[in-house]
Structures are given as structure tokens and as C-alpha cells.
Amino acid sequence: MRQWWDEIAGLVLPVDCAGCGRPRTRWCEGCAQALYGSGAQRVRPVPEPAGLPPVFAAAPYANAPRAVLLGHKERGALPSVRPLGAALAEAVRAAAADCPTSAERRSLVAARGGGGGPLLLVPVPSARRAVRARGHDPGRRIAAAAAAELRRTGTPARVLPVLRQRGRVADQAALTARERLDNMAGALELVPGGGRLLDGWLREGGRPVLVDDLMTTGASLAEASRALAAALPAGRRGPPAAVVCAPAMSFELNRNGRGTCIVAGGES
């Protein structure tokens, strides 16, 4: 039914695929496969910054995924948020099932006698001036779409925007990996009341997952992990992270040829 309606709508209001430009379709099957059809994978930047949590990405940052992400983020192609949300939802599922957190998940399930609490998608905050310049907050919008997709497919989820930037942070685009780490060091903090809100959801069995649209050097995710971990109970493992895209090399370096989950300090 949806395909039929998209075809009719395309005749009245012509649209092109956000990924490849194919006419009369908002999102073609080939681009969908490239963005979220292969399953999310563990990714690592090089060099890997200290404090970076386990990160899962849905697609390499190239070709159609890069085009649709940039179109949404920089050119305001808002209808693209649905496929981007579907991709981030895939990465969130993988992050939530990550092998280092499986014991903790089982304890939460046992404590509640059921399926545990919702997934808590914690966006890495964008700079306020960037949000003003773009006219929207792409990270928050994609996180909301991912939470909706997770709920649609039977996984309780909600967005929990409990992080903010402390002050002015330089634009990261032209910075080296080392400069990005220095730029982000101590840059994030909990919003007022964020600690109490997070604690309330944790008591309900909620499972936080850091989310962002793109990982490059990992500096922003490492800083977000530090800021969020400060609000977690003593001894609790920091949350994993999920992104839509990461550099292709980050995927390639994660392959060990045996299909096992590679974690810091060994394998699982």
C-alpha cells in the first residue's frame, strides 16, 4: 500500500531518492539496503581515544548513506529522518545487545521479573549555534525517529536528552584527532535535573545508549560517555554507543575473521 501511495504521490509531487537521486521515490531499496540492510557492526576509530565506549554503526560513511546524512543534516531534507532513524535503531539494538553488557542486562531482567526497562537514547548534544544555523537539531530528530522505530518493532524506547555543552566549543570539522580531543575535554555536562531524571529511569530498569549521527574520531562520544558516567551509580558500567555512520576504515579494523565480539582487553 505504501509503495502504491508513494508512486501516486511521486506523479503529483515529484521526488527523488535521498541517497542516489532515483526519480519518483523518496527512498529506493538499494539505498535502504546500504543504510540499514546489512546489520550494525562494532566500529573503532584510529587512533581510538581513551574512554570511548563500545560503538556500533549501521553503515560506512560513503555513497548513499553519506548523501542522505548530509542532506538531512546540512540541507534540511527532513523526510530523510525516517530511514536515518531506522538505521540508528539498528545500531541501538546492536549496542544494547553488546557482549560486555550482557551480564548486567540479565541482572536487570531478573530484578524486574520481565523484559527490563526501556532503552534510553541519550543524544550527544549539538552546539546551540549550529542548531540555530541549520534551523533544526539533526541529532535529536534522528534519535526521536530511532526511538519511534524501536517502539514500532516492539522495543520500549525513549529519548533522554540529559547532556548539554558547558560553553562554546569550536567547530570540529577542520580539527585533527588530537585537537578534537582537546576541544571536547570537559565540554559536556548534565542538564539541571538530568541526574535525577536518569536515576529514576535506571531504577525502572532503563538501559542508556549514547546516540549520534556520525562518529569520526570518537572524541565527542568519549566525552559524552565521561559526562554520563558521572551520573551513574558507583560500579555501574558506562553505556555503549550507537551511530548511523562511521568511516569505512572503522569497520574494516573491527574484523578478526572469526565472527567474535572484540572488546577492550580481549574477546568475548
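Residues numbered from 1 in each chain as written. Predicted model: local features only at pLDDT ≥ 70, side-chain atom pairs only at ≥ 80, totals over all residues. Heavy atoms only, no water.

Some words on helix α10 (residues 219-229)
Where burial is concerned, most of α10 is hidden: eight out of the eleven residues are buried. Residues of α10 that are buried include every one of Ala219, Leu221, Ala222, Glu223, Ala224, Ser225, Ala227 and Leu228, and no others. (Buried < 20%, exposed > 50% of the residue type's maximum accessible area, 1.4 Å probe, protein only. Helix = DSSP H or I, 4+ residues; strand = E, 2+ residues; numbered from the N terminus.)

Looking at the environment of Asp137
Within the secondary structure layout, Asp137 lies in the loop between α6 (128-134) and α7 (138-152). Judged by its relative accessible area of 22%, Asp137 is partly exposed. Between the alpha carbons of Asp137 and Lys73 there is a distance of 8.2 Å; along the sequence they are 64 residues apart.

A look at α7
Under the 1.5 Å per step criterion, the end-to-end length of α7 is 21 Å for 15 residues, consistent within 8% with the ideal 21 Å. Residues of α7 that are buried: Pro138, Gly139, Ile142, Ala143, Ala145, Ala146, Ala147, Glu149 and Leu150. (Expected span 1.5 Å × (residues − 1).)

Some details on the pattern of salt bridges
With the rule as written, the count across this model stands at eight salt bridges. For Arg152, the salt bridge identified is with Glu149, shortest N-O distance 2.8 Å. Within this pair, Arg152 and its partner Glu149 are both found in helix α7, separated by three residues, close to a single helical turn. One salt bridge connects Asp199 with Arg203, and the closest N-O pair in it is separated by 2.8 Å. Residue Asp199 and its partner Arg203 are located together in helix α9 (residues 194-203), separated by four residues, close to a single helical turn. (Salt bridge = Lys/Arg side-chain N within 4 Å of Asp/Glu carboxyl O.)

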